[in-house]
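# Residue-level structural notes
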Amino acid sequence: MTAVPRFAATADGAPTPAMLASWDRDGVLVLEDAVPDADCDALIERSRAIVDTWDPAEGAAVFSTTAPKHAADRWFRDSGDKIRVFLEAGAVDAGGALTRPKRAAVNKLGHAMHDLDPVFERVSRRPTLAALAHGLGLADPLLVQSMVIWKPPAVGGEVTCHQDATFLVTEPESVVGFWLALEDADESNGCLYAIPGGHRGPLRQLFREVDGALVAETLDPAPFDDAAAVPLPARKGTLVVLHGRLPHGSAPNTSDRSRMAYTLHMVDGTARWHPGNWLRRSPGMPFRGFSDMTD
């Protein structure tokens with residue numbers, strides 16, 4: 001098991017030659033001190049405020065990668081241009097009612113915080129992140145999806161090994177993920193893991209709409225090489241950058257500590273956005289780039 005190199009984030013965000021060599025080889029970058037603690041705290045505070053004001057009677061859905069029933073739920077399917085709350089399977093009863101306080105029941109928030117909330121927009125469109133995206137080869141990076149992965153103590157669910165290009169489809173493939181540790185993440189509370197170099201392998205699945213239903217089409221049945229997976233512990237403020245084909249996931253959080261993270265996905269605007277993508281926007285809310293701040 002080979003550890004992934006760790007780098008200190010550059011002052012302007014642009015990747016160094018050593019970072020680019022690591023990116024090409026491993027398909028993942030771990031950049032420490034990429035975002036100030038104050039910005040991490042601001043996203044946590046804003047996330048909690050969103051959950052505190054959310055009324056479960058307005059709507060909700062359980063999100064689980066091990067039992068993905070959410071794909072048939074309109075709460076999920078219509079969330080591409082909204083901010084919605086998704087729950088942990090272990091936090092609701094058979095009737096869907098919460099069995100614990102709201103803050104302890106959330107799986108994630110998604111999927112357009114970066115466009116709809118000014119706090120998330122400010123952090124998501126930091127110039128350093130724009131420089132990093134351009135430096136990794138995205139000619140016209142468009143921010144398409146954002147999520148706060150809550151990972152609450154005791155019930156924070158597993159995220160099974162997957163490739164982001166399965167879920168955000170462009171032709172050619174172009175998705176890149178920025179995963180920001182809002183709190184310290186380690187092996188005891190469900191940090192990320194990845195298979196370095198796995199991005200050079202085939203895309204295993206495509207998740208998209210077929211005849212009105214969201215389906216996962218198997219392209220290559222070969223299993224991921226779990227023995228090659230390495231943990232990616234991350235201190236608060238660390239940015240983990242993920243190639244669209246890199247196999248990665250996270251274990252459940254069985255500890256008594258939370259493990260909040262913010263994930264931002266972008267695609268290249270020069271690529272074709274596949275019309276079958278599950279994530280959709282209303283015509284009045286197109287995808288925007290890093291410099292396209294709202295007034």
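Residues numbered from 1 in each chain as written. Predicted model: local features only at pLDDT ≥ 70, side-chain atom pairs only at ≥ 80, totals over all residues. Heavy atoms only, no water.

## So, the overall build of the chain
If you tally the helices and strands in the chain, you get 6 helices and 18 strands. Taking 295 residues into account, the globule formula puts the C-alpha radius of gyration at 19 Å, and the chain, at 18 Å, falls close to it. For the chain, the C-alpha atoms occupy an extent of roughly 55 × 50 × 45 Å along the three principal directions. Relative to its 295 residues, the chain shows a buried fraction of 54%. Long-range contacts, defined here as pairs at least 24 residues apart, represent 82% of the contacts in the chain between residues at least 6 apart. (Helix = DSSP H or I, 4+ residues; strand = E, 2+ residues; numbered from the N terminus. Rg over C-alpha atoms; globule rule 2.2 N^0.38 Å. Buried < 20%, exposed > 50% of the residue type's maximum accessible area, 1.4 Å probe, protein only. Contact = heavy atoms within 4.5 Å.)

## Re the sheet that holds strand β7 (residues 159-162)
Read from one edge of the open sheet, 4 strands run β7-β15-β10-β13, paired in antiparallel fashion. Here the strands that pair on one side only, and so sit at the sheet edges, are β7 and β13 (230-232). For this sheet the average axis-to-axis angle between neighbouring strands, irrespective of direction, equals 25°. (Pairing = 2+ DSSP bridges. Axes fitted to C-alpha atoms, helices over the stretch in contact; angles between N-to-C directions.)

## A few points about the pairing of strand β4 (residues 83-87)
Each regular strand displays side chains that alternate between the two surfaces of the sheet. For β4, a buried count of 4 out of 5 residues is recorded, marking the element as mostly surrounded by other parts of the structure. By the bridge criterion, 2 bridges tie strand β3 (residues 61-62) to β4 in an arrangement that is parallel. Paired with Val62 across the bridge in β4 is Leu87. Pairing analysis gives 5 bridges linking β4 to strand β5 (residues 106-111), with the strands arranged antiparallel. Residue pairing across strands places Phe86 opposite Lys108, the latter belonging to β5.

## Notes on the environment of His248
Positionally, His248 belongs in strand β15 (residues 248-250). By relative accessible area, His248 is classed as buried at 4%. Taking the C-alpha atoms as reference points, His248 and Gln163, 85 residues apart in sequence, are found 6.7 Å from one another. Discounting chain neighbours no more than four positions away, the residues touching His248 are Thr160, Cys161, His162, Asp164, Tyr193, Ala194 and Leu242. A polar contact is formed between the side chain of His248 and the backbone oxygen of Leu246, at a distance of 2.9 Å. (Polar contact = N/O pair within 3.5 Å; in protein donor to acceptor, adjacent residues only side chain to side chain.)

## A short note on the pairing of strand β6 (residues 141-149)
Burial analysis of β6 places 9 of its 9 residues in the buried class, the great majority of the element. Bridge analysis of β6 against strand β16 (residues 261-268) gives 8 bridges, and the strand direction is antiparallel. Of the residues in β16, the one forming a bridge with Ile149 is Ala261. Relative to strand β18 (residues 288-289), β6 is paired through 2 bridges, and the arrangement is antiparallel. Of the residues in β18, the one forming a bridge with Leu143 is Arg288.

## A short note on the environment of Met19
By secondary structure assignment, the location of Met19 is in helix α1 (residues 17-26). Under the relative-accessibility criterion, Met19 is labelled buried at 2%. Separated by 213 residues in sequence, Met19 and Leu232 have C-alpha atoms that sit 16 Å apart. For Met19, the contacting residues outside a window of four places in its chain are Phe7, Ala8, Thr10, Leu29 and Leu31.

## Structural notes on the environment of Glu45
Mapping Glu45 onto the fold places it in helix α2 (residues 37-53). Residues Glu45 and Ala34, spaced 11 residues apart in sequence, show a C-alpha to C-alpha distance of 19 Å.

## A few points about the side chain of Arg204
Its location among the elements puts Arg204 in the loop between β10 (192-194) and β11 (205-210). Of the polar contacts made by the side chain of Arg204, one reaches the backbone oxygen of Pro202; its length is 3.1 Å.

## Re the pattern of salt bridges
Summed over the entire model, instances satisfying the criterion amount to 22 salt bridges. Close ionic contact of Glu173 with Arg245 constitutes a salt bridge, the shortest N to O distance being 2.7 Å. Of this pair, Glu173 sits in the loop between β8 (170-171) and β9 (176-181) while Arg245 sits in the loop between β14 (239-243) and β15, and the two are 72 residues apart along the sequence. Its relative accessible area of 38% is what places Glu173 among the partly exposed residues. By relative accessible area, Arg245 is classed as partly exposed at 22%. We note a salt bridge from Glu217 to Arg208, for which the minimum N-O separation is 3.0 Å. Overall, Glu217 belongs to the partly exposed group, its relative accessible area being 35%. (Salt bridge = Lys/Arg side-chain N within 4 Å of Asp/Glu carboxyl O.)

## As for the side chain of Glu88
Summarising the element assignment, Glu88 is placed in the loop between β4 and β5. We note that Glu88 is buried and unpaired, the nearest opposite charge coming from Lys151 at a distance of 6.6 Å. Here the side chain of Glu88 touches Asn107 through a polar contact of 3.2 Å, side chain to side chain. Not counting residues up to four positions away in its chain, the partners in contact with Glu88 are Val62, Ala105, Val106, Asn107, Pro152, Val155, Gly156 and Gly157. (Lys, Arg positive; Asp, Glu negative; His and termini not counted.)

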